[in-house]
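Listed below are the residues making up each chain.
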Amino acid sequence: MSRVLIAGESWVTQSTHIKGVDHFTTSSYVVGVEPLRKALESRGHEVVHLPAHLVPAEFPDDPSEYDVVVLSDIGANSIQLAPQVFEQARPGADRLGALRTWVADGGGLLMVGGYLSFTGFEGKAAFRNTVLHEVLPVELLAEDDRVELPAGGSATVADASHPALGGVAGDWPVLLGYNRVRPRSGTKVLATLNDDPLVAVAEYGQGRSAVFTSDCSPHWAPTPFCEDWDGYAKVFGGLVEWLAA
């Protein structure tokens, strides 16, 4: 059993309702982590979820109590800019630097795709400009890297025997988008989407890193993928178990 931290995968939605000359605003809080949490817990892992709104204040300065850290739909700014840095203009911990050191010393890092992963929507995820970029098994684009697939796209498995895919077999349900990245030299690309890396893994120092460039929940990962498919737990379980080895 591994202890896994998932940072991100939650959001607040604010809607404005306009009715004639009148209008009002409503807000809702949405958590998208449940398919991934359930999949990992079903394989015996202990999962700690740090929602996106708590990441700036509570992301660990030292992640050593975890075996694997998963960053999912949470941008670099949220990790780098603790309240004392952004609001009080006082130096704080270099948390992405600490994450890089932790991986080099034997930790396991997984980045999952989304609008605020990799380079992200309008470049706002911004991991390309950080020290964590060198830890990832892929090169990030300088521009908005999202590829929308409204008609759906099917994964092509390049190495079904690799343990990071968890023994998944057969066709994968379609996905509706992903972040485009480029593999580094020495990276193992285990699955592709549109001929771009979907699942890729690599060693970094004494540790390991991996990416799943589509989402772990809607909208890029529809219900048939993240809730109905028994391969979902195999893929994400396999990734976490390979990273924690």
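Scoring rules and cut-offs
Residues numbered from 1 in each chain as written. Predicted model: local features only at pLDDT ≥ 70, side-chain atom pairs only at ≥ 80, totals over all residues. Heavy atoms only, no water. Helix = DSSP H or I, 4+ residues; strand = E, 2+ residues; numbered from the N terminus. Rg over C-alpha atoms; globule rule 2.2 N^0.38 Å. Contact = heavy atoms within 4.5 Å. Areas by Shrake-Rupley, 256 points an atom, 1.4 Å probe, with all protein chains shown as cover. Lys, Arg positive; Asp, Glu negative; His and termini not counted. Charge placed at Lys NZ, Arg CZ, Asp CG, Glu CD. Phe/Tyr/Trp six-rings, centres within 6.5 Å; stacked < 30°, edge-to-face > 60°. Buried < 20%, exposed > 50% of the residue type's maximum accessible area, 1.4 Å probe, protein only. Lys NZ or Arg CZ within 6 Å of the ring centre and 35° of its normal. Pairing = 2+ DSSP bridges. Axes fitted to C-alpha atoms, helices over the stretch in contact; angles between N-to-C directions. Parallel < 35°, antiparallel > 145°, perpendicular 65-115°, else oblique. Nonpolar A, V, L, I, M, F, W, Y, C, P; charged D, E, K, R; others polar.

1. Some thoughts on the overall build of the protein chain
Broken down by element type, the protein chain carries 7 helices and 14 strands. Taking 18 Å as the expected radius of gyration for a compact globule of 245 residues, we find that the protein chain reaches 18 Å, a close match to that expectation. Across its three principal directions, the C-alpha atoms of the protein chain cover 60 × 45 × 35 Å. Long-range contacts, defined here as pairs at least 24 residues apart, represent 69% of the contacts in the protein chain between residues at least 6 apart. Carbon together with sulfur atoms contributes 49% to the accessible area of the protein chain, which is approximately 11,000 Å² in total. The centroid of the 17 positive side-chain charges in the protein chain is displaced by 2 Å from the centroid of its 31 negative side-chain charges.

2. Looking at the packing of aromatic side chains
A complete count under the given rule lists 9 aromatic pairs for this structure. With a centroid separation of 5.7 Å and 10° between ring planes, the pair formed by Tyr115 and Phe121 is classed as stacked. A relative accessible area of 30% places Tyr115 in the partly exposed class. Ring centres of Trp172 and Trp229 lie 5.3 Å apart, and the angle between their planes is 45°; this geometry places the pair in the tilted category. Note that Trp172 is positioned in the loop between strand 9 (156-157) and strand 10 (175-179) and Trp229 in the loop between helix 6 (223-226) and helix 7 (231-244), a separation of 57 residues in sequence. Pair check on accessibility: Trp172 and Trp229 agree, each one buried. Among the aromatic residues, those joined into a ring-pair cluster are Trp172, Phe212, Phe225, Trp229, Tyr232 and Phe236. Over the face of the ring belonging to Tyr115 we find Arg146, whose NZ or CZ atom lies 4.6 Å from the ring centre.

3. Quick look at the sheet that holds strand 14 (residues 207-212)
Hydrogen bonds between backbone atoms are what pair the strands of a sheet, whose relative direction is either parallel or antiparallel. Spatial ordering of the open sheet is given by 4-1-5-6-14-13-12-9, a layout of 8 strands whose pairing is mixed. For this open sheet the edge positions go to strand 4 (46-50) and strand 9, each flanked by a neighbour on one side alone. Of the strand pairs in this sheet, strand 1 (residues 3-8) and strand 4 are connected by 5 bridges, and their pairing is parallel. The residue bridging Ala7 from the neighbouring strand is Leu50, located in strand 4. With respect to the sheet, helix 5 (residues 95-104) is in contact with strand 5 (68-72), strand 6 (108-112), strand 13 (196-204) and strand 14, its orientation differing from that of strand 5 by roughly 135°. Sheet contacts for helix 7: strand 1, strand 5, strand 6, strand 13 and strand 14; angle to strand 14, the most-contacted strand, approximately 160°.

4. Overview of the side chain of His133
Within the secondary structure, His133 is located in the loop between strand 6 and strand 7 (138-140). Dropping the residues within four chain positions of it, His133 is found in contact with Phe127, Arg128, Val138, Glu139, Leu140 and Arg184.

5. Concerning the packing of helix 1 (residues 34-42) against helix 7
Running from N to C, helix 1 and helix 7 cross one another at 70°; their axes reach a closest spacing of 9 Å. By the criterion of interaxial angle, the relationship of helix 1 to helix 7 is roughly perpendicular. Note on element contacts: helix 7 touches helix 1 through Tyr232, Ala233, Phe236, Gly237 and Val240, opposite Pro35, Leu36, Ala39, Leu40 and Ser42. Partitioned by chemical class, the residues of the contact of helix 1 with helix 7 number 8 nonpolar, 2 polar and no charged.

6. Here we look at the pairing of strand 10
In summary, the side chains of a regular strand alternate between the two faces of the sheet. Burial runs high along strand 10: 4 of the 5 residues are buried. Across 4 bridges, the pairing between strand 8 (residues 146-153) and strand 10 is antiparallel. When the bridges of strand 10 are listed, Arg146 appears paired with Asn179.

7. Some thoughts on unusual backbone geometry
Residue Pro218 is joined to His219 through a cis peptide bond whose omega torsion reads 20°. Inspection of the secondary structure assignment puts His219 in the loop between strand 14 and helix 6. At Ala126, a residue that is not glycine, the phi angle is positive and equals roughly 65°. Mapped onto the secondary structure, Ala126 falls in the loop between strand 6 and strand 7. Look at Ala126 and you get buried, because its relative accessible area is 18%. Although it is not a glycine, Asn194 sits at a positive phi angle of roughly 60°. The residue Asn194 is located in the loop between strand 12 (188-193) and strand 13 in this model. Under the relative-accessibility criterion, Asn194 is labelled partly exposed at 45%.

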